[in-house]
Amino acid sequence: AQTVTQSQPEMSVQEAETVTLSCTYDTSENNYYLFWYKQPPSRQMILVIRQEAYKQQNATENRFSVNFQKAAKSFSLKISDSQLGDTAMYFCAFMKLDMSGGGADGLTFGKGTHLIIQP
Amino acid sequence: KAGVTQTPRYLIKTRGQQVTLSCSPISGHRSVSWYQQTPGQGLQFLFEYFSETQRNKGNFPGRFSGRQFSNSRSEMNVSTLELGDSALYLCASSFRRTNTGELFFGEGSRLTVL
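Residues numbered from 1 in each chain as written. Chains lettered and ligands numbered in written order. Predicted model: local features only at pLDDT ≥ 70, side-chain atom pairs only at ≥ 80, totals over all residues. Heavy atoms only, no water.

*Asks:* Looking at this model, I keep getting lost on the side chain of A:D86. Mind explaining?
*Replies:* Residue and element names in this part refer to chain A. Its location among the elements puts D86 in the loop between β9 (74-79) and β10 (88-97). Judged by relative accessible area, which is 2%, D86 ranks as buried. A polar contact of 2.9 Å, which involves the side chain of D86, links it to the side chain of R63. Filtering out sequence-adjacent residues up to four positions away, D86 remains in contact with K38, R63, F64, I79, L115 and I117. (Helix = DSSP H or I, 4+ residues; strand = E, 2+ residues; numbered from the N terminus. Buried < 20%, exposed > 50% of the residue type's maximum accessible area, 1.4 Å probe, protein only. Polar contact = N/O pair within 3.5 Å; in protein donor to acceptor, adjacent residues only side chain to side chain. Contact = heavy atoms within 4.5 Å.)

Here is the structure:
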């Protein structure tokens, strides 16, 4: 079974600062995806960024980027120029792929990091 | 384009009762997954349906069941409710099976069991 660990229950930074959220995972699988999801106070989960394990290049989406270290099983999220709207719970998630290439066992989530952006 | 719609948004039940939650995916999406979110256990995968067939199932007792209709709408049912079933139940849809990873979540159904 896979496990995902987010060691920072809560973080608080000033607007416009850069913040990095940590995530480590444990798996014996070789084919998988990693994700960061954001859950604002309205509760609707939104995909922030996705990384395929076979890709060495780190994924980026505008102000969001990841540092994917496959050997270390680390997948951190960096938010640059943080904005008030970034305030939310952030969940790191893992999905393994089965032999047919389909998602197996759904997403395994970490416990989340509550990120607060201060004005 | 309408998002994922879950009904009801809030409900209160008592122990021993059963509950049915509904999820309407984004138009054209054929995969629906269900997750349970609690403060203690976090987010846990319940099951996934694709083309009316259950494709994956999480580690939950048989009291938790679901189904998917030909229009891709899905329902999940919890029978013989226990206090520990109090949770936010999230539904997520995607166009293909969830190997693409891009799931679109609804706002959830908040179940309180008294």
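Now, onward.
*Asks:* Would you mind going over the nonpolar core with me for this structure?
*Replies:* General note: in soluble globular proteins, nonpolar side chains tend to be found buried as a group. One finds A:L21, A:Y25, A:W36, A:F75, A:L77, A:Y90 and A:L115 to be the most contacted residues of the largest nonpolar core, which totals 26 residues. Of all the secondary-structure elements, those providing two or more residues to this core are β2 (10-14), β3 (19-21), β5 (32-39), β6 (46-52), β8 (64-69), β9, β10 and β12 (113-118) of chain A. For this core, the element with the most residues is β10(A), which contributes four residues. Look past the residues within four positions of A:L21 in its chain and what remains in contact with it is A:Q8, A:M11, A:W36, A:S76, A:L77, A:Y90, A:T113 and A:L115. The next biggest cluster of nonpolar side chains, apart from the first, holds 21 residues, and it includes B:V4, B:L11, B:V32 and B:Y89. (Core = buried A, V, L, I, M, F, W, Y, C linked by side-chain atoms within 4.5 Å.)

*Asks:* Would you mind showing me how to read unusual backbone geometry here?
*Replies:* With the exception of glycine, the majority of residues adopt a negative phi angle, and the majority of peptide bonds are in the trans configuration. Of note, the bond from B:T7 into B:P8 is cis; its omega dihedral lies within 30 degrees of zero at -10°. Here B:P8 shows up in the loop between β1 (5-7) and β2 (10-13). The backbone of A:N62 sits at a positive phi, close to 55°, despite the residue not being glycine. For A:N62, the location among the structural elements is in the loop between β7 (60-61) and β8. Given the relative accessible area of 79%, A:N62 is considered exposed.

*Asks:* What's the story with the state of the cysteines in this structure? I'm lost.
*Replies:* Linking two cysteines covalently via their sulfur atoms produces the bond known as a disulfide. Applying the stated criterion across every chain, the model contains two disulfides over all chains. The partner cysteine of A:C23 in its disulfide is A:C92, sulfur to sulfur 2.0 Å. Here the disulfide of A:C23 and A:C92 is left-handed, its torsion about the S-S bond being about -70°. In this pair, A:C23 sits in the loop between β3 and β4 (24-26) while A:C92 sits in strand β10, placing the two residues 69 residues apart along the sequence. A residue is classified by how much of its surface remains accessible, and A:C23, at 2% relative accessible area, is buried. Here B:C23 connects covalently by a disulfide to B:C91, the sulfurs 1.7 Å from one another. Residues B:C23 and B:C91 share a disulfide whose torsion about the S-S bond is about -60°; that sign makes it left-handed. With B:C23 in strand β3 (residues 19-24) and B:C91 in strand β9 (residues 87-94), the pair connects residues that are 68 residues apart, well separated along the chain. For B:C23, a relative accessible area of 0% corresponds to the buried category. Judged by its relative accessible area of 0%, B:C91 is buried. (Disulfide = S-S within 2.5 Å.)

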